[in-house]
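Letter by letter, the chains look like this.
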Amino acid sequence: MLSKLLARTWPFTAGAAATGFLATIVLVRLIGVEGFANYAIDLAKLSLFLLLLELIPSSYVIFRQQEDETLAADLASFVCLALLVLPVAVLIGGLVGVFSHFSIFMVVYAAGSVIQRYFDSRFQAQGRIGDFFLLPLVTNVIRLLLLLGLWQFPLSASPADMAWGSLAAGILGAQAFFLLRHPAEVSAFIHSGHLRALQRLWSNRGQYFAYYPNIVLKRLRDTAMPLVCDFFAADKFEAGKYLLAYRGVDFSIGQLRVIETFFSNAGLRDSLKAKGGTSLLLLAVFGQLVAIVAGLLLVGQAELTWSSATLIVLASLFVYPYVLELSARSGAYAQFRPHQVTISLLAFVAGIGIALAGAAPFTPLTAVVLILAPLLGQCLATLSYKVFK
C-alpha cells in the first residue's frame, strides 16, 4: 500500500524537490551566501506573521472537516478575512523595520500563503494527494524559470526583491494554474454568507485552544535556528554555510513529509498503520542520502571542504529521529490528543536551548554547534512520545 502511494506521488514530490533545489542553487549564485542568509532569516520572521492563519488550527481543520462539511465550507470565509488582514500586517512589519531586508513582494507572498494554506488542508482532508503535491511542483518550476531568467538577463533589482519576487510569482502562478484547471473551486469564496460562517467559526473557538500551544511551539521550533543565526551568530558567512547545509536536510524531509500527508487522511492512515515500519526505515536511509547529496551541492556554492562535508553528514542524521516521529505525531492529532505533540515540541525547543547553552561558554556559534542543536532537539522530541504516552 505504502509503496503504491509513493509510486503514484513520486513524480510530483521528486519534481518539486529537484526544481526547488535548483532554484536555491541559482538564488545563491544570484545573491550570494550572505544574501541567502538574510533571505532565510526574513523567511523565518515572516512565518511568525503567518501564525495569524492558525487562529483556526491546521491540525484541527484537516481532521475535523472530514467529519463536518460545514467547517470545510466556512474555511473559505476565514480565508477572505485573512486576505484582508495578513498582507497589511506584513506591510506594517516591513515599514517599522521588523525584517532585515524588506521587499514589497513579501506582502504578495503573504497573500499567496493564505490561499495555499486553504488548499493544503482541503486536499489532505479529501485525500487529493495528486493536487496536494502538484501545487508545490508548479510553484518551484515557475520560480526556477524566473531565477534563470534573472541569471541570464540581470536586472538592477535588489537581492531581496529577486528572492521574494520569484517566490511570490511561483506561489501565485501555481494557484492560478490550479484554478484554471478547477474553476469550480472559486465558488466556495463567492457567496453572501461570509458573516454567518465567521460567526460559526467563532462559536467553536473553544475547540481550538488546545492546539494553540502546539502552533506557537511549532513555529518557534521552525524559526529558532534562523533567529539564532540572526541575533547570536556574529559571522553571517558561517551562518550562511549552516543554513545552506541544513537546507539539504529540509529538501530531504520535504520528501518524507509525504508519509505524514498519507496519515492525515483517515482511510489512508488505517490502511498504512500495520505496514509502515520497514518502509519507513528504508525511507529514512534514502532521506539521509538525499540530504547529504543536496547539502554537498549547496555548501559547494560557498566553500566545500572535508570539514564542511563532515558537518553535512552530521546534519543528515536528523532524518532518522524525524521519520520515527512522523506516525506518532499524526496518530496523536488523529486521536485529538494535541497535548502529546505539545510535549514533543517543548522537548525540541529544550534540546536546542540545552545545546546552545552548553556550547556557548566554550566556543562561538560555529556551524557545528548550529547543526548539533536541532539534532539534539529532534532526538528529544521523538523520545517524548515513548516517555509521555
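The structure displayed is predicted, hence computed values, not measured ones.

Trainee: Residue-level account of the overall build of the chain, with values.
Mentor: Along the backbone of the chain there are 15 helices and zero strands. Sorting the 389 residues of the chain into buried and exposed places 54% on the buried side. A sequence separation of at least 24 residues applies to 83% of the contacts in the chain between residues at least 6 apart. Working note: accessible area of the chain is about 17,200 Å², and carbon and sulfur atoms make up 69% of it.

Trainee: Which residues make up the packing of aromatic side chains, and what values go with them?
Mentor: One pass over the structure, following the stated rule, counts 15 aromatic pairs. Plain terms: the ring middles of phenylalanine 119 and phenylalanine 178 are 5.0 Å apart, the flat faces sit at 65° to each other, and that makes the pair edge-to-face. Residue phenylalanine 119 is found in helix 4 (residues 105-126), and its partner phenylalanine 178 is found in helix 6 (residues 159-181); the two are separated by 59 residues along the sequence. Both residues of the pair, phenylalanine 119 and phenylalanine 178, belong to the buried class.

Trainee: Lay out the nonpolar core with the relevant residues and their values.
Mentor: Grouped together as the largest cluster of nonpolar side chains are 109 residues, with contacts concentrated most on Phe36, Leu86, Val90, Trp164, Tyr242, Leu256 and Phe318. Ranked by residues supplied to this core, first place goes to helix 1 (residues 2-49) with 16 residues. Ignoring anything within four residues of it in the chain, the contact list for tyrosine 242 reads Met225, Cys229, Ala367, Leu370, Ile371 and Pro374.

Trainee: Report on helix 4, specifying residues and quantitative values.
Mentor: With 22 residues, helix 4 extends 31 Å between its outermost C-alpha atoms, agreeing within 8% with the 32 Å of an ideal straight helix rising 1.5 Å per residue. The buried count for helix 4 comes to 17 of 22 residues, which makes it a mostly enclosed element. Just downstream of helix 4 lies glycine 127, where phi reads positive at about 70°.

Trainee: For the side chain of serine 58, give the residues involved together with the corresponding values.
Mentor: By the element assignment, serine 58 lies in helix 2 (residues 58-64). Separated by 2.7 Å, the side chains of serine 58 and glutamate 54 make a polar contact.

Trainee: Break down the packing of helix 12 (residues 306-316) against helix 15 (residues 367-387) for me, citing the residues and quoting the values.
Mentor: With their axes 9 Å apart at the nearest point, helix 12 and helix 15 run at an angle of 10° to one another. Regarding the angle of helix 12 to helix 15, the classification is roughly parallel. For the pair helix 12 and helix 15, the contacting residues are Leu311, Leu314 and Ala315 in the first and Ala367, Val368, Ile371, Leu372 and Leu375 in the second. Grouping the constituent residues of the contact of helix 12 with helix 15 by class yields eight nonpolar, no polar and no charged.

Here is what the cut-offs are and how they apply
Residues numbered from 1 in each chain as written. Predicted model: local features only at pLDDT ≥ 70, side-chain atom pairs only at ≥ 80, totals over all residues. Heavy atoms only, no water. Helix = DSSP H or I, 4+ residues; strand = E, 2+ residues; numbered from the N terminus. Buried < 20%, exposed > 50% of the residue type's maximum accessible area, 1.4 Å probe, protein only. Contact = heavy atoms within 4.5 Å. Areas by Shrake-Rupley, 256 points an atom, 1.4 Å probe, with all protein chains shown as cover. Phe/Tyr/Trp six-rings, centres within 6.5 Å; stacked < 30°, edge-to-face > 60°. Core = buried A, V, L, I, M, F, W, Y, C linked by side-chain atoms within 4.5 Å. Expected span 1.5 Å × (residues − 1). Polar contact = N/O pair within 3.5 Å; in protein donor to acceptor, adjacent residues only side chain to side chain. Axes fitted to C-alpha atoms, helices over the stretch in contact; angles between N-to-C directions. Parallel < 35°, antiparallel > 145°, perpendicular 65-115°, else oblique. Nonpolar A, V, L, I, M, F, W, Y, C, P; charged D, E, K, R; others polar.

On their own, these measurements won't tell you what the molecule is for.
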